[in-house]
Amino acid sequence: GKYVYYFGDGQADGDGKMRALLGGKGANLAEMTRIGLPVPPGFTITTEVCSYYYDNKRTYPPQLAKQVDEAIAKIEKSVGKGFEGGENPLLLSVRSGARDSMPGMMDTILNLGMNDKTVEIVASKSGNPKFAWDSYRRFLQMYGDVVMGVQKRAGEEHEPFESVIEHLKDERYGNHNFPDMQLTVEDIQELVSRFKALIRERTGKDFPQKPKDQLWGAVSAVFGSWQNDRAIVYRRKYGIPHEWGTAVNVQTMVFGNMGETSATGVAFTRDPASGEKVFYGEYLINAQGEDVVAGVRTPNPVVRLGKEMPESYKQLLKVRDLLETHFRDMQDLEFTIEDNRLYILQTRNGKRTGLAAVKIAVDMVKEKLITKEEALSRIPADSLSHVLAPIFDKESAKKATKIASGLPAGPGAASGRLVLRAEDAVERAHKGDKVLLVRVETSPEDLRGMIAAEGILTARGGVSSHAALVARQMGKVCVCGASDLQIDYATRTVTSNGVTLKEGDYISIDGTAGDVFAGEVKTAPSEVVQVLVSKTLKPEKSKAYQDFAALMTWADKVRRLDIRTNADTPEQVENAVGFGAEGVGLCRTEHMFFEGDRIDAMREMILARNTDDRRKALEKLLPFQREDFIGIFRSLDGLPATIRLLDPPLHEFLPHDHAQQSALSNKLGIPQEEIAKRVHELHEFNPMLGHRGCRLGIVYPEISEMQARAIFEAAAQVQSEGIRVRPEVMIPLVGFPKELKLQIEIVNRVAKEVIKEKKVKFKYLVGTMIEVPRAALVADKIAEDAEFFSFGTNDLTQTTLGMSRDDSGSFIPAYTEHEIIAANPFATIDQDGVGELMKIARDRARKVRKDIKLGICGEHGGEPKSVEFCHALGLNYVSCSPFRVPIARLAAAQAVL
Ligand code: ADP
Ligand code: MG
Ligand code: MG
């Protein structure tokens, strides 16, 4: 087989479509070479070799060594240098590259080929001994760390190589912070020999002098890093299969650290935070590799390169255009300038915020670079939540003390308790605190902490630093490079401009503006929300809204699923309709009973000793419910509303402690002991499987009767106002066809009565939820009476998996860790189990009632993967919470594309 793919001099064995085999980086290096960009020649070892490596006890296919030798010979010929010996040493970089980029997860090795001999040759050939020795020093450090495993031991404060450097600086200059740039050649030579000694001391092995040995060591390290903890955590978080493996890219080194005419940098073809069409990035003069990303020195904005190196900058701008027109997406590129010659080292589709994703996609359609369908399929539906995420309340932010500012790296507003260590962030967040992770800079070790935090704040590093990259991808609020912050890990404090905050104090960041505030700052709705919900912003005043609206219009044209919302109050309904909901898919009537005095009437009803008393209490509840439904029908203005009859166990409505019970006793004139007794009677061992759902209506039909009356009287009222009403009465937790029959009888009888009394005609449907497995299995019988089904996938998941939704938090993480389940079944539909029951229900129901309306109203209704599944099932609609309606609209369109 072919395991090695060469690229160089305008030709490449591979191309941009071969991501699976060559990894993202390798495929794009090949593609860029093909389109004539200045890419240093090299080759890619395929991901198949990675699989082979793990399947065969960490060994390689026998043909590999020969193919690598041939590729190296080709490079040598192309650049006129020799890898093993000769007048002109070939130095290489060894870079990992999975199918999807995994920022910072795997380690890159630069300057490979450096040894005691080559360093001298490079020194004399370049006429720059400091550059040569510093390159060797860096190589030893990277190789020693990544390949030979010389790393911090438990209890050690500093990286061992860094300690050696500090030690030498202290020794020679009496200052362990002495600037790197001012070290002499002799200093660096001394570091080189101390590094070699350190490697020998820690590993018992000598650093390999032979370039070939170095190369194979580095290749093994890259493949090995596919299974390191950081990589595994990352893959788990983003659902990247472990089988994919990584490729290895071996490439001719070019040097950004050859002096003042050299530089290295990273850039985005458009602003990845706002989506603005501006060239965005940063660079460092006389620097190598990861200096820019690591945040060691704070880099310059890329536009300044236009002044410092006008020729290279002009070329770079051309590359920017070419990359965008060729790849037809915003690109994130890495470049290096070696003695005024520009090289491109990497390009990939740039990670971006949800805000930027929308803007870039809509702009690119306008620029005729992509089609509307491409725009739709490109935006991760979930990322629309960034567009709806809150920003700081302007007034509250004005009053807050701004203590620093940095780079806006992840938009949105976040407030939380200051935490300095990732582990503590995880721990505190687990206890329910909102935390904000504050660090000098972040590294891949901090990933778990970053996931747990509301927001991330760093003192060092630019917009392409690790913190910024990860935040952007996770949609976290992030401010980076807030250089005024003095972070003291020892005393656990942060000081900035005269203000000192301790760990646990509140701190707030605005990731859109880059501001840092002491204390807690109130948040306010985003622009889109201000236009659609609070109506405090005119649509024509907001570009963000217009882009959003354009996208939604395109989505609506494509999708086949209707999008409804789960809403219980007229206000929520209004918001959801603003977001594009086409009806209510679930109105939980019980939520209405908790407001104001209603709970008293509700409690009176529950405490009633006989049917008569219960009816009297229900009479009091009726007008409240009717008013609510009137409001909802008006807000819906002709759209349908699925209203579920009372569902939770009655026990939930009663007061449980002594003080509350005695207050209720005074209010209702019922002796306290009697209340306590009734509470005790209603106690259930397993209320989720207890006396709830339609079981309430079976035992107390008068409850269903009152609710039906409230619904229909409201319907009659609103219909008579000239607004069309479309109530759909939904009976919960049905498992037996007879349950539904009995409830439907009540509903139909009341409807008839109300229509007669009010002399108003309206149409309504009666249907049921499918939320226990039995209902799915007898769906044909149930469908004889039900005019619609709504899959209540929260309960259906609980009852199918036998997992309590409220208690699963303690074991679900272990289940994902062991890969027993791919995702939390309460977030993403368990397609094999719950999904199979849905299919059975669909097929059996449609056999009996061809046009039965099918929907879903669990939390899953707003989750893109589940929406896709519902589309495939051929449901009529999904229903989700108001703020997820736009996400569902987009996801439903993507399901078609
Ligand atoms: P990552 O996937 O973490 O971005 P890369 O493989 O892109 O890792 O390498 C990190 C950095 O190393 C690059 O941004 C680039 O600056 C530097 N680098 C990699 N290969 C070369 C090379 N052939 N010449 C010069 N610098 C290189
Ligand atoms: Mg890179
Ligand atoms: Mg339910």
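Residues numbered from 1 in each chain as written. Chains lettered and ligands numbered in written order. Predicted model: local features only at pLDDT ≥ 70, side-chain atom pairs only at ≥ 80, totals over all residues.

- You'll find the protein chain entered in an unreviewed UniProt entry as Pyruvate, phosphate dikinase, with Terrimicrobium sacchariphilum given as the organism.
- Under Sequence similarities (unreviewed entry), UniProt gives the following word-for-word description of the protein chain: "Belongs to the PEP-utilizing enzyme family."
- Listed under Catalytic activity (unreviewed entry) in UniProt, the entry text for the protein chain is "pyruvate + phosphate + ATP = phosphoenolpyruvate + AMP + diphosphate + H(+)". (UniProt positions renumbered as here; feature names shortened; annotations may be inferred.)

**Let's talk about the packing of helix α32 (residues 793-801) against helix α34 (residues 831-848)**
Point 1. For the pair α32 and α34, interaxial distance at closest approach is 10 Å and the crossing angle is 115°. Considering only the axes of α32 and α34, their crossing is right-handed. Across the interface between the two elements, Thr793, Leu796, Thr797, Thr800 and Leu801 of α32 pack against Gly833, Val834 and Leu837 of α34.
Point 2. Across the contact of α32 with α34, the residue classes tally to four nonpolar, four polar and no charged. (Axes fitted to C-alpha atoms, helices over the stretch in contact; angles between N-to-C directions. Helix = DSSP H or I, 4+ residues; strand = E, 2+ residues; numbered from the N terminus. Left-handed = near helix turned anticlockwise from the far one by under 90°. Contact = placed C-beta atoms within 7 Å. Nonpolar A, V, L, I, M, F, W, Y, C, P; charged D, E, K, R; others polar.)

**What to know about the nonpolar core**
Point 1. In terms of nonpolar packing, the biggest core is built from 271 residues, with Ala409, Leu436, Leu437, Phe633 and Val878 touching the most fellow members.
Point 2. When sequence neighbours within four positions are dropped, the list of residues in contact with Leu437 reads Val419, Ala422, Ala425, Gly449, Met450, Ala453 and Ile456. (Core = buried A, V, L, I, M, F, W, Y, C linked by C-beta atoms within 7 Å. Buried ≥ 20, exposed ≤ 12 C-beta atoms within 10 Å, placed from the backbone.)

**Let's talk about the site of ligand 1**
Point 1. Residues in close proximity to ligand 1 total 17 residues, the closest being Ser93, Arg95, Thr108, Gln251 and Gly289.
Point 2. The class makeup of the residues in the shell around ligand 1 is five nonpolar, nine polar and three charged. (Near = placed C-beta within 6 Å.)

**Topic: the UniProt feature "binding site: substrate" (unreviewed entry) in the protein chain**
Point 1. The UniProt feature table records "binding site: substrate" (unreviewed entry) at Arg588, Arg644, Glu771, Gly792, Thr793, Asn794 and Asp795.
Point 2. Residue placement: Glu771 occurs in the loop between β29 (765-770) and α30 (773-777).
Point 3. With 26 C-beta atoms counted inside 10 Å, the residue Glu771 sits in the buried group.
Point 4. Contact partners of Glu771, with chain neighbours within four places excluded, come to Leu733, Gly792, Asp795, Leu796 and Thr799.
Point 5. Examined against the element boundaries, Asp795 turns out to sit in helix α32.

**What about the packing of helix α25 (residues 658-668) against helix α26 (residues 672-682)?**
Point 1. Their axes nearest at 8 Å, the elements α25 and α26 cross at an angle of 120°. Here α26 runs oblique to α25, going by the angle between their axes. The hand of the α25/α26 crossing is right-handed. Where α25 abuts α26, its residues Gln661, Ser662, Leu664 and Ser665 lie against Gln672, Ile675 and Ala676. (Parallel < 35°, antiparallel > 145°, perpendicular 65-115°, else oblique.)

**Here's the deal with the sheet that holds strand β21 (residues 499-502)**
Point 1. Pairing in this open sheet of three strands is antiparallel, and the strands run β19-β20-β21 from one edge to the other. The open sheet has two edge strands, β19 (486-488) and β21, and neither has a second partner. The average angle at which neighbouring strand axes cross in this sheet is 15°, direction not considered.
Point 2. Relative to β21, strand β20 (residues 493-496) runs antiparallel, the two sharing four bridges. Residue Val494 lies in a different strand from β21, and its bridge partner there is Leu501. (Pairing = 2+ DSSP bridges.)

**Looking at unusual backbone geometry**
Point 1. The phi dihedral of Asn340 falls on the positive side, at around 70°, and the residue is not glycine.
Point 2. Position of Asn340 relative to the elements: it lies in the loop between β10 (331-338) and β11 (341-349).
Point 3. Under the C-beta neighbour-count criterion, Asn340 is labelled partly exposed, with 13 such atoms within 10 Å.

**Looking at the domain arrangement of the protein chain**
Point 1. Its domain assignment divides the protein chain into domain 1 (263-349), domain 2 (389-524) and domain 3 (559-649 + 684-896).
Point 2. Each of domain 1 and domain 2 has a C-alpha centre, and these two points are 27 Å apart.
Point 3. Listed per partner, the contact involves 10 residues of domain 1 and 14 residues of domain 2.
Point 4. For the side of domain 1 that touches domain 2, the elements supplying multiple residues, two or more each, are β8 (280-285) and α10 (291-294).
Point 5. Residue classes in the side of domain 1 that touches domain 2 are distributed as six nonpolar, three polar and one charged. (Domains from an automatic or database assignment.)

**Some points on helix α23 (residues 598-607)**
Point 1. In terms of burial, α23 is a largely internal element, seven of the 10 residues being buried.
Point 2. All of the buried residues in α23 are Ala601, Met602, Arg603, Glu604, Met605, Ile606 and Leu607.
Point 3. Elements in contact with the buried residues of α23: α24 (611-636), α25 and α26.

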